[in-house]
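Structural characterization, general
Listed below are the residues making up each chain.
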Amino acid sequence: MARRYDSRTTIFSPEGRLFQVEYAMEAISHAGTVLAVLSKEGIAMAAEKKVTGKLLDLSLAPGGEGMGGEGTEAWMGGGGEKIFLLNNNILAGLAGITSDANSLVNFARNSAQKHLFTYDEDIPVEMLVQRLCDMKQGYTQFGGLRPFGVALLYMGWDPIYGFQLYQSDPSGNYSGWKATCIGSNHSSASSLLKQDYKEDLTLEEAKSLCLKVMSKTMDSTKLSSEKLEFATMTLHPQTKQPLSKIYRPSELDGLLRDLELGGTKEDLIGAMEGTGGGGAVGNVAIST
Amino acid sequence: MECSFGLTGKDYVLLCSDMSAGRSIIRMKSDENKIKTLGPHLAMAYGGEPGDTNNFAEYVERNMRLYHIRNHYPLLPESASAWIRRTLAESIRSRKPYSVNLLLAGYDTTTTKPHLYWIDYLGTKAVVPYAAHGMGVYVSLSTMDKWWFNDMNKREGVDVLKKCIDEVKKRITVHFNFNCILIDKDGIHHIDIESEDPITELESQQPKETLVDAPNPPLDIGNVGVTA
Amino acid sequence: MELNGGSVVAMIGKDCVAIASDLRLGNQAVGIASNFDKVFPVNDKLYYGLPGLATDVYTLREHLRFRVNMYRMKEEREITPKTFTHLVSSTLYEKRFGPFFIEPVVAGLPTPTELDPHPKPFISTMDTIGCITTPKDFAVAGTAADKLYGVAEGLWEPDLEPEDLFETVSQTLLNAVDRDALSGWGAVVHIITQDKVITRTLRARMD
């Protein structure tokens, strides 16, 4: 019975469900985990990369020593697969179909720049989340189209509400969080976060909580920059302006070593080797 | 035949506009309010082509209100000035441009700083400590050049404003009535500029009594995040 | 151009460039503001100046900021002075039959790359519809352009060190705008070198 209502995204089933939207959410729960923790001093976000493999040519991917830094270019250090800069004051971690995600990132960046153009200020975080969610919702209602197979975590800062963390799903719903998680194992990661989250965390504690939960959630015991992207949103100590930082692989490995969660090359060998896409889905195209 | 000026002080901004409405040498009205409140801490004094002025002022007012309702917080003065400027800059290159000059005054509740913007019908924007439009330009700018200084308290600000008005009355043959407001952390207050000591009057009254009606969203959603 | 007034000058030195502007915003003969900066940064190696109609200064700057930000996020690198010049040029030419009344000046140092380890300092200037000129010495624009040409022609010499270039560009600007009623009211100078940007605000005649 249900199958009759599957092929159209915009038709309710007799039980009042939108199957295509639910399937999109299902696709995301197989994708690499993204989790983030909010603190008074800033936000930390970690994302699991699933596209690994010996033959993948990453020589042109971000993360070289020449890129990034401590100032305005701090966001250029790494990322590019799971974590993206959407605007000066907003970073997003994505889980789902990579190609859909790329298109959403482009839309978000354009929307943010349009706001900057008309109001001469960085777009408030929730407003950008709303822009994206309005579009995502559209694809669950208008005919002939497929919903975006992407969930996002947004972390950002604006002068009105300060640091904020939001999550959105393919249906176009969004919500604000102190610590949250999307992607595979999100329910177990969420309960770990709920257990260990404390009010008044420092940024350092948020970073370590983020990575500790990540290490328990991911299949392998030792973390490393090959399977992980990491970013923080803080305020610049002098200018008090938002500072987005996506860690370079070397910086992330350093952080992981400090937290004794891995970060050494040797632990990697064999961990993901031969699995190509890795993870349960095993399909590079949809599993980031 | 128009005259408006504004000035910033330590933690407030004053805005003053004449109240005449008419055509060429004829005055048809001497109690026209040409200051529009755009939000809890934002107002503008406007002038220019009759018809364009009110239409544009209402267009701005309603867009500011729409933003407030949609986002639960008002546009900050800086962003409001950018939006108004963009609207005029787009208008000037359209088929029928608005011919409106304005002074935008606001108090930024997030930084507790006063703001004053000089904006003309081309979309030119200047961020200034004091400014004037209309006939006032020729006498009040030099008056403010001489008497204005940084971080004036309210009484000192009103004194400078009075000097400007005196100068206008002395040097300009046209007679004007003036309408004046003060914006500070509590909101927008009406000031009786003709009285001897408007600030004492202002302070002796309950804040609520002097407040000018500002367009607030209809629902009481609290002032989350926008209080100082 | 003559409505709001304002002037910009850029000069090439030895491994450095300078760009400077006055700070006046006027409404014909009436001075409105003495804090109207016409020079904006793209990044710490590249600045540009937009003398001309003030409404277009804002609009063009916001257009360029939009495009540069998108470029930076997509490319994950900074735009080079040469690419940026062509971006400004095509943005201006888009409005060929209703132009921005602006004559931009661009000044920047290209970042050294493997292919070009010792890039030359770069300046360029355009007319209102984006026709590019890339001078080897200096570029001037604005209401005091004619005066600036004269003073710059006399003061500029090749291979000036940053501090000497600062002196040259400051004297050029101050003396030229003193002869122009529509420019002046203070000035700001940026000297761009490979490791830092020196920004100084100059006191000037306030009449």
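A few points on the structure. Given the structure is predicted, the values throughout are model-derived calculations rather than measurements.

Let's talk about the interface of chain B and chain C
Counting residues at the interface gives 15 residues for chain B, matched by 21 residues for chain C. Taken together, both faces of the contact between chain B and chain C bury some 1,300 Å²; the carbon and sulfur share is 56%. Summed over the three residues of chain B that lose the most area to chain C, namely R85, R93 and W118 of chain B, the buried surface amounts to 36% of that side. Taken together, the connections running from chain B to chain C amount to three salt bridges. With a shortest N-O distance of 2.5 Å, D56 of chain C and R93 of chain B are connected by a salt bridge. Counting residues per element, the ones that place at least two in the side of chain B that touches chain C are α2 (77–92), β9 (125–127) and α3 (136–147) of chain B. Along the lines of polarity and charge, the residues of the side of chain B that touches chain C split into nine nonpolar, two polar and four charged.

Here's the deal with the interface of chain B and chain A
Of the residues lining the interface, 12 residues belong to chain B; the matching set on chain A comes to 12 residues. Between chain B and chain A lies a buried interface of about 1,200 Å² when both sides are counted; carbon and sulfur atoms form 59% of it. It is Y67, Y73 and R86 of chain B in chain B that bury the most area against chain A; as a group they hold 39% of the surface buried on that side. Linking chain B to chain A there are zero salt bridges. Those elements that place two or more of their residues in the side of chain B that touches chain A are α1 (52–71) and α2 of chain B. Ranked by the residues each element gives to the side of chain B that touches chain A, the list is headed by α2 of chain B, at five residues. Its residues assigned to classes, the side of chain B that touches chain A shows six nonpolar, four polar and two charged.

What about the pairing of strand β8 (residues 113–119) of chain B?
All names here are of chain B. Most of β8 is tucked away, with six of its seven residues classed as buried. Hairpin connection of strand β7 (residues 100–108) to β8: four residues between the antiparallel strands, including T112 at a positive phi of 55 degrees. With three bridges connecting them, β8 and β9 associate as antiparallel partners. Across the sheet, residue I119 finds its bridge partner in β9, namely K125.

Criteria and cut-off values
- Numbers given for residues are sequential positions, taken from 1 along each chain in its written order.
- Chains and ligands are labelled by the order in which they are written, letters from A for the one and numbers from 1 for the other.
- With the structure being a predicted model, the display of local features is reserved for residues of pLDDT at least 70 and the display and counting of side-chain atom pairs for 80 or more, all residues being used for whole-chain, interface and lining totals.
- Hydrogens and water molecules were not included; the side-chain quantities draw on all heavy atoms of the structure.
- By definition in these notes, contact holds between two residues if any of their heavy atoms fall within 4.5 Å.
- Joining two parts hides part of their accessible area as seen by a 1.4 Å probe, and the buried area is that hidden amount summed over both.
- Think of a salt bridge as a Lys or Arg side-chain nitrogen and an Asp or Glu carboxyl oxygen that are within 4 Å of each other.
- Where helices and strands are cited, they refer to DSSP runs of H or I of at least four residues and of E of at least two residues respectively, numbered from the N terminus.
- Under this grouping Gly is polar, as are all residues other than the nonpolar Ala, Val, Leu, Ile, Met, Phe, Trp, Tyr, Cys and Pro and the charged Asp, Glu, Lys and Arg.
- Buried, partly exposed and exposed residues are distinguished by accessible area as a fraction of the type maximum, computed with a 1.4 Å probe on protein chains only: under 20%, between the cut-offs, and over 50%, respectively.
- Strand pairing is defined by DSSP finding a minimum of two bridges between the two strands.

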